[in-house]
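These are the residues of each chain, in order.
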Amino acid sequence: MTKISIIGGGKIGEALISGLVSSGVNPKDIHVANRRPERGKELFDAYGIVDYTDVTQAVDDVDTVFLCVKPKDIVSVLAEMSETLDNNAQDTTVISMAAGITLRAMEEVVSAGTPVVRVMPNTPMLVRSGTLAVSVGRFVGAEELADIEELLRAVGDVFVVEESQMDAVVAMSGSSPAYYFLFVEAMIDAGISLGLPRDLARDLAVSSAHGAALLMKETGEEPSLLRANVSSPGGTTIAAIRELEESGLRGAIYRATSKCAERNAQLGAPRPAPKHSVLSPTANGETEDD
Ligand SMILES: NC(=O)c1ccc[n+]([C@@H]2O[C@H](COP(=O)([O-])OP(=O)(O)OC[C@H]3O[C@@H](n4cnc5c(N)ncnc54)[C@H](OP(=O)(O)O)[C@@H]3O)[C@@H](O)[C@H]2O)c1
């Protein structure tokens, strides 16, 4: 059985644990490292994983390591585990879930030959409906890639992409659940404004979002066709669509996704050296949710 290590049991780390366990991976084969022992205990109680506070112990003798820490912590965590990875009997594949951090930046920290992979996940992984875009480093073979895809399919749909596409991918899938949540949130408030009770407005908005997503996915039809199919001449839907278009919805989406891709590129860009003292954790511009 493959042994897996997950470094950082936050939102993405927990989503991964939850998906892997539900898909049949034995929790005793999942080693999870957290800085705070109380977080390790929570994850142990919920899933029965093996918890550690020491990163090097957590990656000892495992086949695959998932880095689920913030982008600013990836390089230091990799440096900390590098020697242990070298001493593992088998080649340990390192998979980063972090926005922005390039394959090259990671390959520079580990020994030559270490298979390194970059994945852009999203939080619907929590319910095993994630979208995971994968780019592989120089030392990942076809067989290793197939194993990684199989592991990741436990938590969602997997797409292999060029690393040069990652900034756009973050805008399209890594960050996009938040755009859909915002849209549904606005729909709920709009329902309340139309006189519906909040619970009913929420249930109607969420059920419609779910149904629309399933319809797009299961039929494979172009969204433009599905929309045209429900826009009768002079009808109710086209009246709403016209308002959305005149309010600039399409332009807002172009601008939002450009900003998101730009921000992802900034996260991976080399940082200027500090002029005076040591940088504070947020001095390089990262926010808590990057
Ligand atoms: N959330 C999203 O929607 C999303 C989408 C796509 C990609 N991502 C990527 O996924 C990664 C994780 O994001 P997240 O949202 O899951 O963040 P998060 O909830 O803050 O989780 C990060 C976890 O890593 C732990 N950690 C930090 N340094 C550590 C270390 N040295 N050893 C062990 N654990 C350590 C943190 O512990 P403390 O609490 O002690 O700091 C925290 O539990 C990020 O790189 C992000 O770019 C996130």
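Everything numeric in this text was worked out from a predicted model, so none of it was measured. All chains use their own residue numbering, which begins from 1 and follows the written sequence. Predicted model: local features are reported for residues with pLDDT of at least 70 only, side-chain atom pairs are reported and counted for 80 or more only, and whole-chain, interface and lining totals are derived from all residues. The side-chain numbers reported here are obtained from all heavy atoms of the structure, hydrogens and water having been left aside.

**Student:** Teacher, can you tell me more about the site of the ligand here?
**Tutor:** Neighbouring residues are identified by heavy atoms, a residue being near a molecule or strand if any of them is within 4 Å of it. Every one of the 25 residues lining the ligand counts as a neighbour, but K11, I12, R35, V69 and A99 are closest to it. What qualifies as a polar contact is a pair of N or O atoms within 3.5 Å, subject to a donor-acceptor requirement within protein and to the restriction that residues adjacent in sequence count only when both atoms come from side chains. In this structure, K11 approaches the ligand through a main-chain N or O atom, which is 3.0 Å from an oxygen atom. Side-chain polar atom of R36 to an oxygen atom of the ligand: 3.1 Å apart, as the coordinates give it. The Shrake-Rupley method, run with a 1.4 Å probe, gives the accessible areas here. Residue values count only the displayed protein chains as cover. Out of a free accessible area of 900 Å², the ligand has 84% covered by protein chains. Only α1 (11-22) and α4 (71-87) provide two or more residues apiece to the shell around the ligand. At three residues, the largest contribution of residues to the shell around the ligand is made by α4. Under the scheme used here, helices are H or I runs from DSSP no shorter than 4 residues and strands are E runs no shorter than 2 residues, and both carry numbers assigned from the N terminus.

**Student:** Please clarify how the pattern of salt bridges should be interpreted in this entry.
**Tutor:** If the charged atoms of two oppositely charged side chains come close together, the side chains can form a pair. Take a side-chain nitrogen of Lys or Arg and a carboxyl oxygen of Asp or Glu: if they are within 4 Å of each other, that pair is a salt bridge. Under the counting rule described, the total for this entry stands at 13 salt bridges. Salt-bridge contacts for K41 lead to D45; the nearest nitrogen and oxygen are separated by 2.8 Å. One end of the pair is K41 and the other is D45, both in helix α2 (residues 37-47) and four residues apart, which spans about a single turn. With a relative accessible area of 52%, D45 lands in the exposed category. In this structure, K217 engages D157 in a salt bridge whose closest nitrogen and oxygen atoms are separated by 2.6 Å. Residue K217 is located in helix α9 (residues 198-219), and its partner D157 is located in strand β8 (residues 156-160); the two are separated by 60 residues in the primary sequence. Connected through salt bridges with shared partners, the residues E14, R39 and E42 form a single ionic network. Partly exposed residues are those whose accessible area sits between 20% and 50% of the maximum for their type, while under 20% is buried and over 50% is exposed, using a 1.4 Å probe and protein chains only.

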